[in-house]
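Architecture at a glance
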Amino acid sequence: MYVTEEILKFEVKVQDTVGSGEMSIVSGVISCRVAMWSHLIYLFIFQCYVVASRVGRARRSVVQITLTDRDKSDILLHHNDLRRLSASSDMRFMSWDSELEWMAAEYSKTCNFQHNPNRKHSRGWSVGENMYTQSGDMTATDVPSAIQSWYDEIKYFNYTARTCKLGHACGHYTQMVWARTFKIGCALSRCSWIRNFSIRGRGSILICNYATSGNVAGRDRTLQSVYEKGVPCSRCDQFDYCRDHLCANSARDFVGPEDEVFIKESADCLALFIAVISLAVAILVLLAVILYRERVRIMVRIGLWKARRRPMKSSRFSNQNTPSASVINTPRHSVTALHGIHRIGSASPRLDRIQTKVATSSPKEIRSARRIPPMSRIPPIGAPPSLPSRIDNVDE
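Quantities reported herein were computed from a predicted structural model and do not represent experimental measurements.

**Things to note about the nonpolar core**
The biggest cluster of nonpolar side chains holds 33 residues, and the ones touching the most others in it are Ile 75 and Ile 184. Of all the secondary structure elements, the ones that give two or more residues to this core are helix H3 (69-84), helix H5 (143-151), helix H6 (171-176), strand E6 (183-191), strand E7 (203-211) and strand E9 (246-248). The element contributing the most residues to this core is H5, with five residues. Leave out the neighbours within four places in its chain, and Ile 75 touches Leu 67, Trp 96, Val 143, Ile 147, Ile 184 and Cys 186. Cys 111, Ala 187, Phe 197 and Ile 207 belong to the second-largest nonpolar core, a separate cluster that totals eleven residues.

Here is the structure:
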């Protein structure tokens, strides 16, 4: 803009001195060039200053304050002491979580006094957030006073209506005393400037993350039950125990960041167990119905399978069971026919006596033994039918 004004001045000057000669025109051109270069140099120096200031601010804008184990213990103890003052029957004991601390530390480095929109825990817990900022430098010893300022919002909270006083905030207090919350992690940072903060210049920001989160509102935009008043520890969960008037649970409170198992709520575990048992019972009932309807077909298949595996017994009239020829066999009847279906083995005493008698008998006795005694017309049981000795041909 300054260069344009100088050029306009130069043009006016040339028009005014157009009759004064060539010398006035040359001096006007020189003055214009000097003014233009001076402004370009001024712009270059200004841009270098802006870049240098941004680089310096990026280097010295954030200083992370490391919280020692003693500082973490003090923060945790202060929270649990304030939670006991509520005289709640279901207030949980609060323990430290390293992942919540890391989440708070990373976001505090942005020096932004607005809630983190990406609060996600690896275990699936919902995460709440309290923030505190002030001008100047804070130390770890100033953290308890900041926590106390959150709790002092109790004077603006109406327990019966579960709402805050009109024109005042009490969300920091309700998050601190939310009965279902059991984890906390905090971080502190110093910033050369803080965005979205009314005071300019150096400042400090404190962030505390909570799991599970509080300040859950219903459809009417009023908070759900923050905690239940009553005898301390009278409404704890099934596997909890009372620890200094707070509901504690070893599996829930002492889970570390290195654990790989996700610790669920006892109610969720019970619901999962019931679902698995119900599914198993349904499968067993369906299997019983199928077996009952197909029982006949199944029995037939089992019988066929057993029949295939059972070795087949040989018939008693097979070749291997047929007795050998005897000396007393006749052309018409065999020993088997005469004596019915009687299996004579090689070790039969009767066969041994017959063989002995044959061996000791003379040929004459053997021939006489072969004669057939007179028989009745009715053949014995099991014998083949008798055939006529002669067939006469009768001409018709």
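**Points about the environment of Tyr 156**
Tracing the backbone through its elements, the reader meets Tyr 156 in the loop between H5 and strand E4 (157-158). A relative accessible area of 23% places Tyr 156 in the partly exposed class. For Tyr 156 and His 168, which are twelve residues apart along the polypeptide, the C-alpha to C-alpha distance reads 6.5 Å. Excluding anything up to four places from it in sequence, Tyr 156 contacts Thr 163, Cys 164, Lys 165, His 168, Ala 169 and Cys 170.

**Considerations on the state of the cysteines**
Counting across every chain of the model gives five disulfides. Paired by a disulfide, Cys 236 and Cys 247 hold their sulfur atoms 1.8 Å apart. Given an S-S torsion of about -75°, the disulfide between Cys 236 and Cys 247 has left-handed geometry. Pair noted here: Cys 236 is in the loop between E7 and strand E8 (241-243) and Cys 247 is in strand E9, with a separation of eleven residues, a long-range link.

**Things to note about H5**
For H5, every residue scored as buried is listed here: Val 143, Ala 146, Ile 147, Trp 150 and Tyr 151. Down the axis, H5 shows its buried residues gathered within 150° of arc, on one side only. Those residues of H5 hidden inside the fold are in contact with H3, strand E3 (127-135), H6, E6 and E7.

**As for the environment of Asn 196**
Looking at the secondary structure, you find Asn 196 in the loop between E6 and E7. Looking at Asn 196, the relative accessible area reads 48%, which means it is partly exposed. Along the backbone, Asn 196 and Phe 113 are 83 residues apart, and their C-alpha atoms lie at a distance of 5.5 Å. Only 2.5 Å separates the side chain of Asn 196 from the side chain of Asn 112, close enough to count as a polar contact.

**Brief notes about the packing of aromatic side chains**
A ring pair, where both rings are aromatic, is described by two values, the distance of the centres and the angle of the planes. Across all of its chains, the model carries five aromatic pairs by this definition. Aromatic pair Trp 125 and Phe 182: ring centres 5.3 Å apart, planes at 80°, arrangement edge-to-face. With Trp 125 in the loop between helix H4 (98-108) and E3 and Phe 182 in the loop between H6 and E6, this pair connects stretches of sequence that are 57 residues apart. Each of the two residues, Trp 125 as well as Phe 182, counts as buried. Arranged with centres 5.1 Å apart and planes meeting at 35°, the rings of Tyr 159 and Tyr 227 form a pair that is tilted. With Tyr 159 in the loop between E4 and strand E5 (163-164) and Tyr 227 in the loop between E7 and E8, the pair connects residues that are 68 residues apart, well separated along the chain. An aromatic cluster is defined as three or more aromatic residues linked by ring pairs; in this entry it consists of Tyr 151, Phe 157 and Tyr 173. Geometry around Tyr 159 places Lys 229 over its ring, the cationic atom sitting 4.3 Å from the centre. The ring of Phe 182 carries Arg 252 above its face, with NZ or CZ at 5.9 Å from the centroid.

**Some words on the confidence of the model for the chain**
This prediction gives the chain a mean pLDDT of 76; 63% of its residues lie at or above 70. For the stretch residues 1-23, pLDDT sits under 50, and the model shows eleven contacts to residues farther than four places along the chain or on other chains. In this model residues 55-59 is a low-confidence stretch, pLDDT under 50, and it forms two contacts with partners more than four residues away in sequence or in other chains.

**Let's talk about the pattern of salt bridges**
In the structure shown here, the tally under the stated rule is 14 salt bridges. For Arg 84, the salt bridge is made with Asp 81, and the minimal N-O distance between the two is 2.8 Å. Of this pair, Arg 84 and Asp 81 both sit in helix H3, three residues apart, roughly one helical turn. On the basis of relative accessibility, which here comes to 24%, the residue Arg 84 falls in the partly exposed class. One salt bridge in this structure joins Glu 228 and Arg 235, with 3.5 Å as the shortest N-O distance. Salt bridges sharing common partners tie together Arg 92, Arg 180, Asp 237, Asp 240, Arg 252 and Asp 253.

What counts as what
Each chain carries its own residue numbering, running from 1 in the written order of its sequence. Reporting in this predicted model follows two pLDDT cut-offs: at least 70 for local features of residues, and 80 or more for side-chain atom pairs to be given and counted; totals over whole chains, interfaces and linings ignore these cut-offs and use all residues. Based on all heavy atoms of the structure, the side-chain values leave hydrogens and waters out of the count. Put simply, buried Ala, Val, Leu, Ile, Met, Phe, Trp, Tyr and Cys residues joined by side-chain atoms within 4.5 Å make one nonpolar core. Relative accessibility under 20% of the residue-type maximum defines a buried residue, over 50% an exposed one, and the middle range a partly exposed one, all with a 1.4 Å probe and only protein chains included. Working definition: helices are DSSP H or I runs of at least four residues, strands are E runs of at least two. Numbering for both runs from the N terminus. Throughout, a contact is declared for two residues whenever any of their heavy atoms are within 4.5 Å. Criterion for a disulfide: a pair of cysteine sulfur atoms at a distance within 2.5 Å. Our arc is simply the arc of the directions from the helix axis toward the C-beta atoms. For this analysis, a polar contact is any N or O atom pair within 3.5 Å, provided that within protein one partner can donate a hydrogen and the other can accept it, and provided that sequence-adjacent residues contribute only side-chain to side-chain pairs. Here is the rule: rings of Phe, Tyr and Trp (six-membered ring for Trp) pair when centre to centre is within 6.5 Å. Planes less than 30 degrees apart are stacked, more than 60 are edge-to-face, and the remainder are tilted. Here, a charge over a ring means that NZ of Lys or CZ of Arg falls within 6 Å of the ring centre while also lying within 35 degrees of the ring normal. Per-residue confidence from the predictor is reported as pLDDT, which spans 0 to 100. Whenever Lys or Arg places a side-chain nitrogen within 4 Å of a carboxyl oxygen from Asp or Glu, that contact is recorded as a salt bridge.

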